[in-house]
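Chains, contacts and geometry: an overview
Here's the letter readout for the chains.
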Amino acid sequence: MTTVRRLGIASVLLVAFGASIAYYATTLALRNGHGESAQNVPWVALVFIAALAAGGVMAFWKTVQRDINTISSQMDTMAKTGKIGLVMLESTGELNQIVKPLNEFLTMIRRQTEDLRVENRELQIQFRVAAAEKHNTEAIIFSISDAVIVTNRFDELILANEAAEKLLGFKLTPSLRKNIDQIISNGTLVRLIRETRSNGRNITRKVVEHCIDQKGSPRTFNITLSCVAAPADEVSGVVAVLHDVTREKEIARIKTDFVSNVSHELKTPLSSIKAYIEMLLDGEAQDEKTTKEFYEIISFETDRLHRLIENILNISRIESGVVKVVREPISLTSVVKQVLDVAVIQAKSKNIRLTDSLAPVYYQIEADRDMIYQAVLNLLSNAIKYTPEDGSVNVTVNVDERRKVAVCEVSDTGAGIPVDDLPKIFDKFYRVRANEKMAKGTGLGLALVKHIVETVHDGKLTVTSEEGKGSTFAFELPIIV
Ligand code: ADP
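Residues numbered from 1 in each chain as written. Predicted model: local features only at pLDDT ≥ 70, side-chain atom pairs only at ≥ 80, totals over all residues. Heavy atoms only, no water.

Examining the site of the ligand
We apply this condition: Summary of the distance rule: residues count as near a molecule or strand when at least one heavy atom falls within 4 Å of that molecule or strand. Two N or O atoms form a polar contact when they lie within 3.5 Å of each other; inside protein one atom must be a possible hydrogen donor and the other a possible acceptor, and for residues adjacent in sequence the pair counts only when both atoms belong to side chains. Per-residue accessibility takes into account occlusion by the displayed protein chains alone, with areas from the Shrake-Rupley method and a 1.4 Å probe. Note on conventions: DSSP H or I runs of at least 4 residues are helices, E runs of at least 2 residues are strands, and numbering of each starts at the N terminus. For this scheme, ten residues count as nonpolar: Ala, Val, Leu, Ile, Met, Phe, Trp, Tyr, Cys and Pro. Four count as charged, namely Asp, Glu, Lys and Arg, and the remainder, Gly too, count as polar.
Around the ligand, the surrounding shell holds 20 residues, and the nearest of these are N382, Y386, R431, T442 and L446. Between the ligand and G443, the relevant distance is 3.0 Å, taken from an oxygen atom to a main-chain nitrogen or oxygen of the residue. Take L446: an N or O atom from its main chain is 2.8 Å from an oxygen atom of the ligand. Protein chains bury 98% of the 530 Å² of accessible surface belonging to the ligand in isolation. Secondary structure elements with two or more residues in the shell around the ligand: α10 (369-385), α11 (445-456) and β12 (470-478). Element by element, the count of residues in the shell around the ligand is highest for α10, at three residues. Here the shell around the ligand is built from residues that sort into nine nonpolar, eight polar and three charged.

Thoughts on the pattern of salt bridges
Rules: Basic side-chain nitrogens of Lys or Arg form a salt bridge, by our definition, when they fall within 4 Å of a carboxyl oxygen of Asp or Glu. Working definition: with a 1.4 Å probe on protein chains only, accessible area under 20% of the residue-type maximum means buried, over 50% means exposed, and in between means partly exposed.
If you walk through the whole model with that rule in mind, you get 19 salt bridges. Between E138 and K134 there is a salt bridge, with the nearest N and O atoms lying 3.1 Å from each other. With E138 and K134 both in helix α3 (residues 96-143) and four residues apart, the pair spans about one turn of that helix. Given the relative accessible area of 24%, E138 is considered partly exposed. For the salt bridge of R247 with E250, the shortest nitrogen-to-oxygen distance reads 3.6 Å. Residue R247 and its partner E250 are located together in helix α7 (residues 246-281), separated by three residues, close to a single helical turn. Judged by relative accessible area, which is 31%, R247 ranks as partly exposed. In this structure, a network of salt bridges that share partners links the residues D155, D181, R194 and R197.

Some points on helix α6 (residues 187-199)
Filter applied, for reference: Expected helix span is taken as 1.5 Å per residue step, with the number of steps being one fewer than the number of residues. Each C-beta atom gives one direction from the helix axis, and the arc is the one those directions make.
In a regular helix each residue adds 1.5 Å, so 13 residues correspond to 18 Å; α6 covers 18 Å between its end C-alpha atoms and thus fits that length. Those residues of α6 that sit buried are L189, V190, L192, I193 and T196. Burial along α6 is one-sided: seen end-on, the buried residues are contained in an arc of 160 degrees. Count one or two residues on from α6 and you reach G200, which has phi positive near 55 degrees.

A few points about the sheet that holds strand β9 (residues 392-400)
Let me state the cut-off plainly: Here, a strand pair is defined by DSSP locating no fewer than two bridges between the strands. Helix axes are fitted only over the stretch in contact, all axes being lines through C-alpha atoms; the angle between N-to-C directions runs from 0 to 180 degrees. In what follows, a contact means two residues having at least one pair of non-hydrogen atoms within 4.5 Å.
One open sheet holds the five strands; their spatial order is β7-β9-β10-β12-β11, and the pairing between them is mixed. If you trace the sheet from one side to the other, it starts and ends with β7 (353-358) and β11 (460-466), each paired once. Strand-to-strand twist in this sheet, taken as the mean axis angle between neighbours without regard to direction, amounts to 10 degrees. Of the strands in this sheet, β11 and β12 are in contact with α11, which crosses β11 at around 140 degrees.

Description of the packing of aromatic side chains
Heads up, the rule is: Pairing of aromatic rings covers Phe, Tyr and the six-membered ring of Trp, with a centre-to-centre limit of 6.5 Å; geometry is then stacked below 30 degrees between planes, edge-to-face above 60, and tilted otherwise. Only Lys NZ and Arg CZ are tested; either one counts as a charge over a ring when it is within 6 Å of the ring centre and within 35 degrees of the ring normal.
In total, this model carries three aromatic pairs according to the counting rule given. Relative to Y363, the ring of Y362 has its centre 4.9 Å away and its plane inclined at 40 degrees; by these criteria the two rings are tilted. Considering the side-chain rings of F426 and F473, the 6.4 Å spacing of their centres and the 85 degrees angle between planes classify their relative orientation as edge-to-face. With F426 in the loop between β10 (405-412) and α11 and F473 in strand β12, this residue pair connects regions lying 47 residues apart in the sequence. The pair formed by F426 and F473 is uniform in burial state, with each residue classed as buried. One Lys or Arg, K450, reaches over the ring of F426 and ends 5.1 Å from the middle of that ring.

What to know about the environment of F426
The exposure class of F426 is buried, given its relative accessible area of 14%. As for F426 and L446, which are separated by 20 residues in sequence, their C-alpha atoms are 5.2 Å apart. If we ignore the near neighbours within four places in the chain, the residues touching F426 are L446, A447, K450, L461, V463 and F473.

Focus: the nonpolar core
Applicable threshold: As used here, the term nonpolar core means buried Ala, Val, Leu, Ile, Met, Phe, Trp, Tyr and Cys residues forming a set that is joined through side-chain atoms within 4.5 Å.
Ranked by size, the top nonpolar core spans 53 residues in total, and within it L332, I372, L380, I425 and F475 carry the most contacts. With nine residues, the single largest contributor to this core is α10. When neighbours within four sequence positions are excluded, I372 is seen to be in contact with I330, L332, V335, A367, I452, H457 and L477. Among the nonpolar cores identified, the runner-up in size contains 23 residues, and A160, A164, L225 and A240 belong to it.

Here is the structure:
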């Protein structure tokens with residue numbers, strides 16, 4: 001029964017009780033002849049009832065007030081601690097009616113909060129995993145030397161590594177998404193990315209060869225374009241990887257040139273040897289002088305052939321470590337003298353003035369004689385090969401006692417080497433295009449010299465050259481003190 005109903009019953013009982021007392025008191029007063037007093041009885045009863053009612057209301061209000069305070073303080077604690085519990089009242093008063101649904105509501109909130117907490121924890125874990133994966137992916141992309149760019153489905157650039165920024169000349173601001181055509185000036189690349197995205201899953205990966213100008217020089221790239229797949233057959237973006245194949249293409253060209261050069265180089269002396277042998281067999285050399293001349297030519301050509309094959313074999317043998325290095329104290333001057341004796345014939349045939357200035361022979365270096373001979377021979381024969389007729393070649397050997405090194409310098413007044421070619425001339429098979437017509441070659445000579453001087457003997461090989469004026473190749477090796 002509710003308190004209001006209880007109050008109602010109490011009031012009715014109170015009024016009935018009051019009315020009975022008033023009736024009884026009035027009847028008693030009238031019977032005893034106190035008619036005046038009987039008139040006051042209802043008023044007295046009314047005051048009495050009012051006093052009793054006020055007392056009841058006061059008591060009721062106190063209970064309600066206490067319950068409200070209890071609810072308010074428990075709710076306050078929940079708000080402060082963030083812990084949702086149940087509201088408990090000491091009394092079984094009127095407010096229990098509110099407390100029951102309130103507790104049901106709080107229980108529901110508590111359950112939902114718990115669910116949300118679990119969901120939130122899972123989301124946090126997923127977020128951390130995704131962040132770590134993103135970090136790893138970025139680290140991989142940034143460690144790649146090829147240029148990598150990633151776009152989204154709106155053709156906006158969302159990721160690019162340093163190589164891409166350098167190659168395409170932009171600086172990516174990850175927070176500021178821009179369309180690729182606002183960032184990348186290379187129209188073909190932009191078109192390729194757009195096409196790949198719009199073709200979607202039909203073509204998941206394609207490789208296109210494309211030339212991009214880099215600081216004025218054209219470079220060839222193999223561009224691999226792949227779609228980033230998204231659910232429901234959609235494409236969420238494109239990854240473009242730009243691999244520089246300029247060098248590979250150049251090496252392929254150099255190798256092809258090398259094969260044709262080597263076959264030409266081998267064929268020329270062989271044809272000459274064959275022709276002179278046939279002439280000898282046919283009895284075309286009628287006198288002894290001609291016969292001797294033919295034999296000398298055959299011998300010269302055989303030497304040339306031998307030298308060429310040796311050069312090719314040497315480089316592969318030395319590089320693969322098959323050749324045993326025999327280190328012994330030798331005089332650089334005496335090795336250079338030996339080479340000069342051989343080179344003088346080659347110089348004479350082009351009317352080249354061959355001069356020298358050599359340090360005393362007693363300075364010694366610890367080296368493999370045959371290899372040093374080969375290195376000096378290559379430098380000297382190059383100097384003669386790439387110097388036009390009537391030019392001059394000078395060979396020096398100096399000893400720097402302070403630095404304790406012997407320095408051999410071969411300078412010429414020849415064609416010189418263009419600045420762009422200088423860093424590459426020691427590469428295997430590399431031949432300077434501008435000088436190709438001056439002499440046949442394999443592009444192996446200088447690679448071999450570098451290997452002998454620097455890798456085998458820990459020395460240093462340098463070159464200075466001016467196009468049209470001449471070149472100076474120098475190497476230095478430690479002397480024995
Ligand atoms: P090659 O067999 O072509 O002579 P090398 O390795 O000896 O090969 O030399 C590489 C290239 O360097 C040559 O093709 C030539 O163009 C250039 N070169 C070498 N020495 C000289 C030089 N003294 N003067 C000008 N160019 C030179």
